[in-house]
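So you can see what is in the structure, the chains are spelled out below.
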Amino acid sequence: MQEIGHWINGKLVAGTSGRFSEIFNPATGEVQARVALASTEELDHAVRAAAKAQEGWAATNPQRRARVMMAFGALINRDMDKLAEMVAREHGKTIPDAKGDVQRGLEVVEVCMGAPAMLKGEMMDSAGPGIDLYAMRQPLGVVAGITPFNFPAMIPLWKMAPALSCGNAMILKPSERVPSTSLYLAQLLQEAGLPDGVLQVVNGDKAAVDGILDHPLIQAVGFVGSTPIAQYIYGRAATNGKRAQCFGGAKNHMIIMPDADLDKAADALIGAGYGAAGERCMAISVAVPVGKATADALIDRLIPRIEALKVGPYTAGNDVDFGPLITKAAQDRVLGLIGSGVDQGAKLVVDGRGLKIQGYENGFFVGPSLFDNVTPEMEIYRQEIFGPVLSTVRTGSYEEALKLVMDNEYGNGTAIYTADGDTARDFASRVNVGMVGINFPIPVPLSYFSFGGWKRSAFGDLNQYGPDAFRFYTKTKTVTARWFSGIKDGAALNFKALD
Ligand code: NAD
């Protein structure tokens, strides 16, 4: 069986802890590899080596660092197919979706090719007599990235590209479910010219994460994952004096107004609700039609579209719209939640339970499911399902729909479908959610903006990638400099006695 280790000081190395985690083929249910889980000693070794390597990297001029990003971007493009296959093999998403995963990470690398422009700092000359004031942006030192399973390429790239281009070294701890892509990206960075030790990929579980949170040489932690873990990591990192930004789970609503183009809204809900089997933090999991006629017409449009969806292994190519869930536990959890929705009185309009795919009977598949008449007390509304399940909550007015979104504990993304600019503007202005789509279902900002949710979808005050990332991965030093009158007042011409 394939054994996956770590990437330390520019080499793939085996783990020494003796602990492993199994990596499944989600389409067949078989174990396809095992990944080493680092001990605190292994982590400490990686951090100390990174701290040494960081000194030289920080002293490398920003433009040269940016050139590494340029070469890295070219290599990601060169190996796009290979990377997408790697993502699909461990995660289970389709190849086109896996390419999107790599592409959205690559776009962050592209912005980091311009890092020097973001690192210029600020200057005020003559702030007083002979006094100049300037603020410099300096790297933090060694920083850590801890990432989830659902975007094996994109989220590690969101972390490593800004952190490294700012002159930091990084300890990346990818999800133990999908470790291979991060290890391969580290190899591409080496090929692009990154000095050994500046990026260390340490695979592991809670032991490695806790080691990161307590390590005195780690200055900052960027986390993406579920809300309870995000909150835990934020608290422990902050208690230990580290800078932390921790992005958590979501429950994203789409409001559908009576004047919306319902065919477009239904198409958008299919992509945003069921794409990647719903395993996206920006998936739309709640449709909120306004008015009975809108709700009835929307459900009528959704049913045939859902019934046409094809579920299967990524190896089936274009014959598949989405694949399996990540683990048996995830599959059981989603099936259980669908059952609880039925028990609590929601109407299961399309039932995805019991889906069996010939030749893949032990895969972690759940068919697309649609609920109508969901209410906010139900478990299926309260929990992030993270599966191919769309819930419909019917509302009587725009204000009622807006209040539903506002009262939800999560605030990652939301969308509104309407033909009315005034309603759309009001929604964008008032809603307490970090990323808003207007006739746009998954409003993940492009890489020159920053990404982040509100409420319990994010802990910390700066977002990821874009301009915020350059603030998060640098610290500001402000210098007040006064130069007294000197040589220009004539000191050099005459042969003077010293005073
Ligand atoms: P997860 O929280 O289980 O794991 C994320 C990371 O935390 C992994 O690296 C894992 O090893 C580590 N971890 C898990 N349990 C831990 C513990 N007890 N102590 C310390 N570390 C621990 O999340 P996941 O299942 O991999 O990813 C899915 C979740 O991530 C969903 O909730 C999804 O919404 C969220 N997500 C959020 C964003 C965002 O930007 N807001 C993006 C993608 C995914």
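As the structure is a computational prediction, the values presented were derived from the model and not from experiment. (Residues numbered from 1 in each chain as written. Predicted model: local features only at pLDDT ≥ 70, side-chain atom pairs only at ≥ 80, totals over all residues. Heavy atoms only, no water.)

**Let's talk about the packing of helix H2 (residues 62–78) against helix H4 (residues 95–112)**
Interhelical geometry of H2 versus H4 gives an angle of 155° and a closest axis separation of 8 Å. By the angle class used here, H2 and H4 are roughly antiparallel. Where H2 crosses over H4, the handedness of that crossing is left-handed. Contacts between H2 and H4 involve Ala 66, Met 69, Phe 72, Gly 73, Ile 76 and Asn 77 from the former and Val 102, Leu 106, Val 109 and Cys 112 from the latter. (Axes fitted to C-alpha atoms, helices over the stretch in contact; angles between N-to-C directions. Helix = DSSP H or I, 4+ residues; strand = E, 2+ residues; numbered from the N terminus. Parallel < 35°, antiparallel > 145°, perpendicular 65-115°, else oblique. Left-handed = near helix turned anticlockwise from the far one by under 90°. Contact = heavy atoms within 4.5 Å.)

**Re the packing of helix H10 (residues 262–274) against helix H11 (residues 292–307)**
At a minimum axis separation of 9 Å, H10 and H11 run at an interaxial angle of 55°. Relative to H11, H10 is oriented oblique. The two elements H10 and H11 meet at a crossing, and its hand is right-handed. Within the contact between the two elements, H10 uses Leu 262, Asp 263, Ala 265, Ala 266, Asp 267, Leu 269, Ile 270 and Tyr 274 and H11 uses Thr 294, Ala 297, Leu 298, Arg 301, Leu 302, Arg 305 and Ile 306. Grouping the amino acids of the contact of H10 with H11 by side-chain chemistry returns 10 nonpolar, 1 polar and 4 charged. (Nonpolar A, V, L, I, M, F, W, Y, C, P; charged D, E, K, R; others polar.)

**As for the site of the ligand**
If you check the shell around the ligand, you find 26 residues, and the closest are Thr 147, Lys 173, Glu 176, Ser 226 and Glu 384. Interatomic distance of 2.6 Å between a side-chain N/O atom of Glu 384 and an oxygen atom of the ligand. Within the complex, 86% of the 850 Å² of free accessible area of the ligand lies under protein. Because more than half of its atoms lie within 2 Å of the grid, the ligand is assigned to the largest pocket. Inspection of the shell around the ligand shows a minimum of three residues originating in each of domain 1 (2–248 + 457–479) and domain 2 (252–438). (Near = heavy atom within 4 Å. Polar contact = N/O pair within 3.5 Å; in protein donor to acceptor, adjacent residues only side chain to side chain. Areas by Shrake-Rupley, 256 points an atom, 1.4 Å probe, with all protein chains shown as cover. 1 Å grid on protein atoms, 1.4 Å probe; cavity = no way out; pocket = protein on both sides within 12 Å on 5 of 7 lines; lining within 4 Å. Sits in = over half its atoms within 2 Å of the grid points. Domains from an automatic or database assignment.)

**Here we look at the pairing of strand E11 (residues 218–224)**
The side chains of a regular strand alternate, first on one face of the sheet and then on the other. With 6 of 7 residues buried, E11 lies mostly within the body of the structure. Relative to E11, strand E8 (residues 142–146) runs parallel, the two being bridged by 5 bridges. Among the inter-strand pairings, Val 142 is bridged to a residue of E11, identified as Ile 218. When E11 meets strand E12 (residues 243–247), the two strands line up parallel, connected through 5 bridges. From the neighbouring strand, Phe 223 faces E12, where its bridge partner is Cys 246. Handedness of the crossover joining E11 and E12 through helix H9 (residues 227–239) is recorded here as right-handed. (Buried < 20%, exposed > 50% of the residue type's maximum accessible area, 1.4 Å probe, protein only. Pairing = 2+ DSSP bridges. Right-handed = clockwise from strand over helix to strand, strands pointing away.)

**A word on the pattern of salt bridges**
Per the stated rule, a full pass over the model turns up 28 salt bridges. Glu 399 is the partner of Arg 430 in a salt bridge, and the nearest nitrogen-oxygen pair spans 2.9 Å. Taken as a pair, Arg 430 in helix H15 (residues 421–430) and Glu 399 in helix H14 (residues 398–407) lie far apart in primary sequence, 31 residues in all. The closest approach of N and O atoms between Asp 407 and Lys 403, which form a salt bridge, is 2.5 Å. You can see Asp 407 and its partner Lys 403 sitting in helix H14, 4 residues apart, about one turn around the helix. (Salt bridge = Lys/Arg side-chain N within 4 Å of Asp/Glu carboxyl O.)

**Brief notes about unusual backbone geometry**
Peptide bonds are, in most cases, trans, and in most cases residues other than glycine have a negative phi. In the Ramachandran plot, Ala 276 falls in the positive-phi region, its phi being about 55° despite a non-glycine side chain. In this fold, Ala 276 is placed in the loop between H10 and strand E14 (284–289). We classify Ala 276 as buried; its relative accessible area is 8%. Even without being a glycine, Asn 373 presents a positive backbone phi close to 55°.

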